[in-house]
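Descriptive analysis of the structure
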Amino acid sequence: MDYISTRGSAPTLDFEGVTLAGLASDGGLYLPAEWPSFSREEIAAMAGLPYHELAARIMTPFVGDSLTQDELLDLCRQAYGRFAHDAVTPLAQLDERNWLLELFHGPTLAFKDVALQLLGLLFETFLTRRKSNLTIVGATSGDTGSAAIDAVAGREGVDIFMLHPNGRVSDVQRRQMTTVRAPNVYNIAIDGSFDDAQAMVKRMFADESMTSRFNIGAVNSINWARLMAQVVYYFASAVQLGAPHRQVAFSVPTGNFGDVFAGYVAARMGLPIAQLIVATNVNDILHRALSSGDYSTGNVTPTAAPSMDIQVSSNFERLLFDVGGRDGLALAEQMHAFEATKAMQLTNAQREGASGLFTSARADADDMARAIRWAHEHAAQTIDPHTAIGLHAAQQSDLDPAIPIVTLATAHPAKFRDAVERATGSRPVLPSRIGDLFAREEAYTELSGDYNAVRDFVSEHASPAA
Ligand SMILES: *Cc1c(COP(=O)(O)O)cnc(C)c1O
């Protein structure tokens, strides 16, 4: 499989290349040159497969010649063997039409484990083969950091430098990052917001003095392999609910547009998805873009769902590319204008292309708390604030009631105990697999919001490319 950039002028890469790359050299994001698809018969035959076998089946066309079938199956078995539930991503029923897809049974209690556990293994496999080193530099508003650190801690050939906004992630999230003791893990708390941290990471990717010495790689959802791994649970859940013979809709708590874009990919691959509901909190740039074509950033408002406190959703560019006719040079121009002015209007083709499958909804703090209480009182389920935003959006849906709506439960409620306790009056208990989190010692480096300080820290501690 060949991968091309959304901005039309970076070199084509294979799966191995795209897994180790961050942004494309033209500033775009990589996508498969064409979408593989499955027939109805092939989808029907997915029913009942163990998760790791389903995963390998769905990923095979994307991986191409970069791994043998046996290697891919083995990596999927290892990655998903670390989940605390045998079904990996089980479904729970809330009422006649609403379901929860529990994506939080991985080691760090958020859906990002599903993709990152595999990505850590892919890195190690490819880097050992190439005899080279990768320097991962990432910014996290919480869940990405812990999931990425868990996935690469102690792995050969990889160092990880994870920036988080000092004081703006939950205590559980911070401890999940800062208590991991491995020589290849560096936590950095910077003064500023998540967007400030993200801007520094982007700057480092473009910094000649760094890229000439280090192989700088990404673990945020600009990495294609992550999105690929997320496609699997859309198939797994839809097939359980009757696909390909029945349509299914999904409500997806959205930040960087990675998770819901994986749903779009599943639809392009033939899964009968009736609708993808993009659920946002008050940081609602995506809701505005999808409902009125206005993609303009505002200030980030901190909420109880911090992984969705994002104004610029990187993966939205992938959608704009695909629905807008795959014209990379035109999109590059549109994105450069957006980067300069922080605002743009979607083209008619982009709006029409998105409106076929996507709808959107926005939840404020009251909507979120109400959804947490509803699940607690009416369905005996404790849900986290991110999931609650998805559930709120699902409950607003005007779709045909015969179509089941699956809300993606993106984090374990114990990760956001304070918000859940405020809404329900009871405090979720941390699962025993991370129960000693508060007894472990933390280690992290505090740096100012100055790019040079971060750059010097990374170049002092990272391993050169080869
Ligand atoms: C990352 C995250 C999201 C947002 O996912 P995107 O792929 O960035 O849209 C939602 N909920 C939780 C709990 C997350 O960790």
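Residues numbered from 1 in each chain as written. Predicted model: local features only at pLDDT ≥ 70, side-chain atom pairs only at ≥ 80, totals over all residues. Heavy atoms only, no water.

The protein chain has the name Threonine synthase in an unreviewed UniProt entry, where Altererythrobacter epoxidivorans is given as its organism. Quoted verbatim from the Catalytic activity (unreviewed entry) field of UniProt, the annotation for the protein chain is "O-phospho-L-homoserine + H2O = L-threonine + phosphate". Its UniProt record gives the protein chain a comment under Sequence similarities (unreviewed entry), which states: "Belongs to the threonine synthase family." (UniProt positions renumbered as here; feature names shortened; annotations may be inferred.)

This brings us to helix α3 (residues 51–63). For α3, spanning 13 residues, the distance from its first C-alpha to its last is 17 Å, which sits close to the expected 18 Å at 1.5 Å a residue. The sharpest bend along α3 measures roughly 30 degrees and falls at Arg 57, with the proline Pro 61 sitting one to four residues further on. Buried within α3 are the following residues: Tyr 51, His 52, Leu 54, Ala 55, Ala 56, Ile 58, Met 59, Phe 62 and Val 63. (Helix = DSSP H or I, 4+ residues; strand = E, 2+ residues; numbered from the N terminus. Expected span 1.5 Å × (residues − 1). Bend = angle between axes of the 7 residues up to and from the residue. Buried < 20%, exposed > 50% of the residue type's maximum accessible area, 1.4 Å probe, protein only.)

Quick look at the site of the ligand now. Around the ligand there are 14 residues in total, and Lys 112, Asp 143, Gly 255, Asn 256 and Asp 259 lie nearest to it. In the environment of the ligand, an oxygen atom lies 3.1 Å from a nitrogen or oxygen atom belonging to the backbone of Phe 257. One of the side-chain nitrogen or oxygen atoms of Ser 307 is found 3.4 Å away from an oxygen atom of the ligand. The fraction of the free accessible surface of the ligand (380 Å²) that becomes covered by protein chains is 97%. Here the shell around the ligand is built from residues that sort into four nonpolar, seven polar and three charged. (Near = heavy atom within 4 Å. Polar contact = N/O pair within 3.5 Å; in protein donor to acceptor, adjacent residues only side chain to side chain. Areas by Shrake-Rupley, 256 points an atom, 1.4 Å probe, with all protein chains shown as cover. Nonpolar A, V, L, I, M, F, W, Y, C, P; charged D, E, K, R; others polar.)

The next point concerns the sheet that holds strand β13 (residues 358–362). Spatial ordering of the open sheet is given by β3-β4-β14-β9-β10-β13, a layout of six strands whose pairing is mixed. Each edge of the sheet is formed by a strand with only one pairing partner; in this case those strands are β3 (91–93) and β13. In this sheet, adjacent strand axes meet at a mean angle of 25 degrees when their direction is disregarded. Two elements, strand β4 (residues 98–102) and strand β14 (residues 405–409), share five bridges in a ladder whose sense is parallel. Residue pairing for β14: Leu 100 is matched across the bridge by Thr 407. Running at roughly 135 degrees to β13, helix α12 (residues 285–292) makes contact with β10 (273–280) and β13 of the sheet. (Pairing = 2+ DSSP bridges. Axes fitted to C-alpha atoms, helices over the stretch in contact; angles between N-to-C directions. Contact = heavy atoms within 4.5 Å.)

Spanning 13 residues, helix α4 (residues 69–81) covers 18 Å between terminal C-alpha atoms, matching the ideal 18 Å at 1.5 Å per step. On its buried face, α4 sits against α3, α5 (112–130) and α10 (224–240).

Further remarks concern the sheet that holds strand β5 (residues 134–139). One open sheet holds the five strands; their spatial order is β8-β5-β6-β7-β15, and the pairing between them is parallel. What marks the edges here is a single partner per strand, and that holds for β8 (216–217) and β15 (445–447). Along the sheet, helix α8 (residues 194–205) makes contact with β5, β6 (158–165), β7 (185–190) and β8, crossing β5 at roughly 150 degrees.

Feature annotation in UniProt places "domain: Tryptophan synthase beta chain-like PALP" (unreviewed entry) on residues 89–344, given in this structure's numbering. As a span, residues 89–344 carries 43% helix and 19% strand, and end to end its C-alpha atoms are 37 Å apart.

On to the nonpolar core. One finds Met 59, Tyr 80, Trp 224 and Phe 358 to be the most contacted residues of the largest nonpolar core, which totals 108 residues. The element best represented in this core is α10, accounting for 13 residues. Those residues within four positions of Met 59 in sequence are excluded, and the remaining contacts are Leu 72, Cys 76, Tyr 80, Leu 118, Met 228, Ala 229 and Val 232. Of all hydrophobic cores here, the second largest spans 29 residues; its members include Met 308, Ile 389, Ile 403 and Ile 405. (Core = buried A, V, L, I, M, F, W, Y, C linked by side-chain atoms within 4.5 Å.)

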